Amino acid sequence: MDLHTIDSVLIARDRADLSGLGAADGLMAGGTWLMSQPQPGLRRLVDLTGMRWPDVVVSAEGLEVAATCSIERLINASYPPEWEAVNLFGQCARALLASFKIWRTATVGGNICLGLPAGAMISLCAALDAELLIWRGDGTDERCAITEFVTDINETVLRPGDVLRAITFPSAALSQPAVLRKIAYSALGRSGALVTGRLDGTDIVLGITAATRRPIVLRVPADAERAHEAAAAIPGAQFHSDAHGTAAWRRAVTWQLVRGVADELTSGRP
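Keep in mind that what you see is a predicted model, and the values were worked out from it rather than measured.

## Focus: the packing of helix α8 (residues 224-232) against helix α9 (residues 247-266)
For any two helices packed against each other, the geometry comes down to the angle between their axes and how far apart the axes lie. One way to put it is that α8 packs onto α9 with a least axis distance of 8 Å and a crossing angle of 155 degrees. Of the possible angle classes, the one that applies to α8 and α9 is roughly antiparallel. The two elements α8 and α9 cross, and the hand of that crossing is right-handed. Judged by residue contacts, Ala224, Glu225, Ala227, His228, Ala231 and Ala232 of α8 engage Arg251, Trp255, Gln256, Val258, Arg259, Ala262 and Asp263 from α9. Partitioning the contact of α8 with α9 into residue classes produces 7 nonpolar, 2 polar and 4 charged.

Spelled out as structure tokens, the structure:
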């Protein structure tokens, strides 16, 4: 896509280069969405890859992923063997239904910042207690959960001048058993509903995305019936309709996906 309104491109090298950003500045890392359609409101592109943030940083506390890290890099990096939940990285990426060419370029942060219900990296954040680091335009830092970051369809807490810097997954969540279930109208269609589950001691942590207008995280006792009841209590207004599913259908299949996730996680428990 030719972005004919763009007058200049800035390759950011440090945080000082990000000062003064406004609504006419388009932040770019992979650019797979930015370059896919006209951007009439933009006058300048700001390339974040010049910041050279490390893609992934593994520590005893967990995993820090740069917003500019590609989805392919996230999937293929080496992680400690005790991090059982790493299996969700590839599963969430495949839920994106993008080719390997897109994986090589599309970034974790870009997928999150779009704020779309079926955002695969949003689902991953909901599954694993991710903490997002925002560089605010006024020079301050802010950390929040994905349930606070995405506020509605295609809406986030980011304001003009803000930059998503990194996503951190705690080692405790990464070390717990986790499963994913999704459904779509067609085998190769966009996810109509996606549910992740993680066994945290005597609780199940459920991440519900794609079906809802914003990500929802529920913590319930490790019992399939209790999990189903918690999902059934989500207000109907939280579910949305589009070409990939009606709200009523999404609500019904989410209940079933939650039950399946809970059954699998608790099947080995006494």
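## Digging into the packing of helix α2 (residues 87-95) against helix α5 (residues 120-127)
It is the contact of α2 with α5, at a shortest axis distance of 8 Å, that shows an interaxial angle of 150 degrees. The angle between α2 and α5 falls in the class roughly antiparallel. The hand of the α2/α5 crossing is right-handed. Across from Leu88, Phe89, Cys92 and Ala93 in α2, the residues of α5 making contact are Ala120, Met121, Ser123, Leu124 and Ala127. Looking at the contact of α2 with α5 residue by residue, the classes come out as 8 nonpolar, 1 polar and no charged.

## Thoughts on the pairing of strand β7 (residues 141-145)
Bridge count for strand β6 (residues 131-135) against β7 is 5 bridges, and the pairing is antiparallel. Pairing of Leu132 across the sheet is with Cys144, part of β7. With antiparallel pairing between neighbouring strands as the criterion, β6 and β7 make up a hairpin whose turn holds 5 residues, including Gly139 at a positive phi of roughly 95 degrees.

## Observations concerning α5
Most of α5 is tucked away: 8 of the 8 residues are buried. Residues of α5 that are buried include every one of Ala120, Met121, Ile122, Ser123, Leu124, Cys125, Ala126 and Ala127, and no others.

## Structural notes on the sheet that holds strand β14 (residues 216-221)
Taking strand neighbours across the sheet as the criterion, the 4 strands line up as β11-β12-β13-β14 in an open arrangement whose pairing is antiparallel. Of all the strands in the sheet, the pair left with one neighbour each is β11 (178-183) and β14. Each strand axis lies, on average, 20 degrees off the axis of its neighbour in the sheet, ignoring direction. Of the strands in this sheet, β11 and β12 (193-200) are in contact with α2, which crosses β11 at around 10 degrees.

## Side note on the domain arrangement of the chain
Domain boundaries assigned for the chain yield domain 1 (8-48), domain 2 (56-172) and domain 3 (177-267). Distance between the C-alpha centres of domain 2 and domain 3: 20 Å. On the domain 3 side, the residues contacting the 23 residues of domain 2 number 24 residues. Buried area between domain 2 and domain 3, summed over both chains or domains, comes out near 1,900 Å², and the portion from carbon and sulfur atoms is 61%. Linking domain 2 with domain 3 are 2 salt bridges, by the criterion used here. With a shortest N-O distance of 2.9 Å, Arg213 and Asp152 are connected by a salt bridge. Within the residue set of the side of domain 2 that touches domain 3, elements represented by two or more residues are α2, α5, α6 (146-149) and β8 (150-152).

Rules used throughout
- Residues numbered from 1 in each chain as written.
- Predicted model: local features only at pLDDT ≥ 70, side-chain atom pairs only at ≥ 80, totals over all residues.
- Heavy atoms only, no water.
- Axes fitted to C-alpha atoms, helices over the stretch in contact; angles between N-to-C directions.
- Helix = DSSP H or I, 4+ residues; strand = E, 2+ residues; numbered from the N terminus.
- Parallel < 35°, antiparallel > 145°, perpendicular 65-115°, else oblique.
- Left-handed = near helix turned anticlockwise from the far one by under 90°.
- Contact = heavy atoms within 4.5 Å.
- Nonpolar A, V, L, I, M, F, W, Y, C, P; charged D, E, K, R; others polar.
- Pairing = 2+ DSSP bridges.
- Buried < 20%, exposed > 50% of the residue type's maximum accessible area, 1.4 Å probe, protein only.
- Domains from an automatic or database assignment.
- Buried area = accessible area lost by both parts, 1.4 Å probe.
- Salt bridge = Lys/Arg side-chain N within 4 Å of Asp/Glu carboxyl O.

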